[in-house]
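These are the residues of each chain, in order.
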Amino acid sequence: MDIENRISSRLRSLGGYVFHEIAEAKKRAEALGKDIIDLGGGNPDLPPHPKIVEALKKAADVPENHRHPVYQGIAELREAVSAWMKRRFDLDIDPESDVWILTGSKEGLSLVNWAFIDPGDRALVPDPAYPPFRRGVMLAGGEPMLMPLLMENRWLPDFEPIKKEDLSNAKLLFLNYPNNPTGALADREFLQKAVDFAKENELVICQDMAYSEITFDNTRSESILTVDGAKENCLEFFSFSKTYGMTGWRLGFVAGNSKLIDALRQVEVSVHSGVFHVLQKAACVALSLEEKDIDETRRTYQGRRDVLVKGLRDLEWEVKNPKGSIFVWAKIPYGLDSKKTANMLIEKCGIVTTPGVGLGPSGEGYLRFSLIVDKGRLKQAVDRMKLLEL
Ligand SMILES: Cc1ncc(COP(=O)(O)O)c(C=O)c1O
């Protein structure tokens, strides 16, 4: 059988996945015995707080927690989410109808397309962006419409040039602040503009808050659900991965309009069977952590950011100070190509980064560095780059 011939056109349209390509390049360099400084993925090195791990162990000792999970998420965790949203954003979120527990926000951000996108429908997607936005739309048979994120617009999409006629079959609008890869935050004025634009064009907003708590210089992220009208057309996706160092657990949640949650529910129950209760019990403890515990995480990433940004600027790379996320988005000097530069960094310096073009065409000319190693290792990376002749 010619298997190639059996592959769906949706799958064929996807193209390579940038992080898979990076992993392959890293493997090749490791096979040559190179010491690799991996700043490629978004995999935090900071472990979960000991209280969370303790709760995990305790929950694992309860036989009941090993049974089939409930679909929506245990009431205790949904109530913890609601209490956290109240404390953090002064929002009233009904734990019964406005929340769904996910196996990671990636899953929700991808499956949401199956709830709203018919073949040929469009979804507005930032460019550059976390690749699953674009790929999730395509897997559902939709067409991503890219919204360039430019430095001159503070990495916020500009809705003005988008023509009404191009939106006739557009259904979703993806946003992500604090932003991967640019590190930008969205202010209330922008969020309000986005909600109004979505309302005018009958779009559902899917705002990705994976980095909601990782912000620097005493700034805080804003929930889109707090702006006027947002409860009518928004879903906001949160993750336990980055804030709490629980990436491997696969745990997140989505909050927002109950009818939108109900549409996502119908997809979720068709393809998933809920999240292991042991993880959910421990996640309740994560949401009850004090701000000072999260402050330590913020301080760690901020310290790393400062080392890397200074180092790159000393090498005459143009870098804006990211306000949040765990990334530094740096313009490559002399207009060099991002894939070539990323490959050169692996081969000559043993440094893994993400080529900007892998995150979208507007990312060409940039590299993304992840702040997932300690300051000493970041200094070492910069020292190695000094030897590179661009
Ligand atoms: C912008 C963004 N959204 C979502 C995710 C996925 O997070 P999770 O581990 O909750 O699936 C990531 C992880 O890299 C991300 O960078």
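Heads up: the structure comes first, above all this text.
Residues numbered from 1 in each chain as written. Predicted model: local features only at pLDDT ≥ 70, side-chain atom pairs only at ≥ 80, totals over all residues. Heavy atoms only, no water.

Draft legend 1. View of the overall build of the protein chain. The helix and strand inventory of the protein chain stands at 14 helices and 13 strands. The globule rule puts the C-alpha radius of gyration for 390 residues at 21 Å, and the 21 Å found for the protein chain is close to it. With respect to the three principal axes, the spread of C-alpha positions in the protein chain is 60 × 55 × 55 Å. Split into buried and exposed, the 390 residues of the protein chain put 55% on the buried side. Contacts in the protein chain between residues far apart in sequence, at least 24 positions, make up 75% of those at least 6 positions apart. (Helix = DSSP H or I, 4+ residues; strand = E, 2+ residues; numbered from the N terminus. Rg over C-alpha atoms; globule rule 2.2 N^0.38 Å. Buried < 20%, exposed > 50% of the residue type's maximum accessible area, 1.4 Å probe, protein only. Contact = heavy atoms within 4.5 Å.)

Draft legend 2. How the structure looks around the packing of helix H5 (residues 75-89) against helix H11 (residues 277-287). Two elements in contact, H5 and H11, have axes separated by 9 Å at closest approach and are oriented at 15°. Classified by the interaxial angle, the pair formed by H5 and H11 is roughly parallel. Handedness of the crossing formed by H5 with H11: left-handed. In contact with Glu 76, Leu 77, Ala 80, Val 81, Trp 84 and Arg 87 of H5, H11 contributes Gln 280, Lys 281, Ala 283, Cys 284 and Leu 287. Considering only residue class, the contact of H5 with H11 consists of seven nonpolar, one polar and three charged. (Axes fitted to C-alpha atoms, helices over the stretch in contact; angles between N-to-C directions. Parallel < 35°, antiparallel > 145°, perpendicular 65-115°, else oblique. Left-handed = near helix turned anticlockwise from the far one by under 90°. Nonpolar A, V, L, I, M, F, W, Y, C, P; charged D, E, K, R; others polar.)

Draft legend 3. Seen up close, the site of the ligand. Around the ligand, the structure places 13 residues, and the nearest of them are Asp 208, Tyr 211, Ser 239, Ser 241 and Arg 250. Contact between the ligand and Asn 180: an oxygen atom at 2.8 Å from a side-chain N or O atom of the residue. Protein contact buries 94% of the 400 Å² of open area that the ligand shows by itself. For the shell around the ligand, the per-class residue count stands at three nonpolar, six polar and four charged. (Near = heavy atom within 4 Å. Polar contact = N/O pair within 3.5 Å; in protein donor to acceptor, adjacent residues only side chain to side chain. Areas by Shrake-Rupley, 256 points an atom, 1.4 Å probe, with all protein chains shown as cover.)

Draft legend 4. Quick peek at the nonpolar core. Counting 69 residues, the largest nonpolar core has Leu 77, Met 85, Leu 124, Leu 173, Phe 240 and Tyr 244 as its most contacted members. With sequence-adjacent residues up to four places away left out, Phe 240 is seen in contact with Leu 77, Gly 245, Met 246, Leu 251, Gly 252, Phe 253, Ala 283, Ala 286 and Leu 287. Judged by nonpolar contacts, the second largest core, of 33 residues, contains Ile 332, Phe 369, Leu 378 and Met 385. (Core = buried A, V, L, I, M, F, W, Y, C linked by side-chain atoms within 4.5 Å.)

Draft legend 5. Broad picture of H11. Counting buried positions along H11 gives nine out of 11 residues, so the element sits mostly inside the fold. The complete set of buried residues in H11 reads His 277, Val 278, Leu 279, Gln 280, Ala 282, Ala 283, Cys 284, Ala 286 and Leu 287.

Draft legend 6. Just the sheet that holds strand E9 (residues 318-319), in detail. A sheet is described by the order of its strands in space; here four strands give the open sequence E9-E10-E13-E12, paired in antiparallel fashion. Looking at strand neighbours, the two that pair on one side only are E9 and strand E12 (354-355), the edges of this open sheet. Relative to strand E10 (residues 327-331), E9 is paired through two bridges, and the arrangement is antiparallel. Its bridge partner lying in E10, Val 319 is registered against Ala 330. Lying on the sheet, helix H13 (residues 338-349) is in contact with E12 and strand E13 (366-370); it crosses E13 at an angle near 45°. (Pairing = 2+ DSSP bridges.)

Draft legend 7. Broad picture of the pattern of salt bridges. A complete count under the given rule lists 29 salt bridges for this structure. Taking the shortest distance from any N to any O, the salt bridge between Asp 35 and Arg 384 comes out at 2.5 Å. One end of the pair, Asp 35, is in the loop between helix H3 (18-31) and strand E1 (37-38); the other, Arg 384, is in helix H14 (residues 375-386), and 349 residues separate them in sequence. Between Lys 164 and Glu 200 there is a salt bridge, and its shortest N-O distance comes to 3.7 Å. With Lys 164 in the loop between strand E4 (143-148) and strand E5 (170-176) and Glu 200 in helix H8 (residues 188-200), the pair connects residues that are 36 residues apart, well separated along the chain. On the accessibility criterion, Glu 200 (59% relative accessible area) is exposed. When salt bridges that share partners are traced, they join Arg 88, Glu 213, Arg 220, Glu 291, Asp 295 and Arg 298 into one network. (Salt bridge = Lys/Arg side-chain N within 4 Å of Asp/Glu carboxyl O.)

Draft legend 8. Fine view of unusual backbone geometry. Here the amide bond leading from Asp 127 into Pro 128 is cis, since omega sits at 5°, within 30 degrees of zero. As for its position among the elements, Pro 128 is in the loop between strand E3 (122-127) and helix H7 (132-139). Of the consecutive residues Tyr 177 and Pro 178, the connecting peptide bond is found in the cis state with omega at -5°. Looking at where Pro 178 falls in the secondary structure, it is placed in the loop between E5 and H8. For Ser 325, which is not glycine, the phi dihedral falls at a positive 75°. You can see Ser 325 is positioned in the loop between E9 and E10. Accessibility expressed as a relative area gives 0% for Ser 325, which makes it buried.

By themselves, these are just geometric observations and shouldn't be taken as functional.
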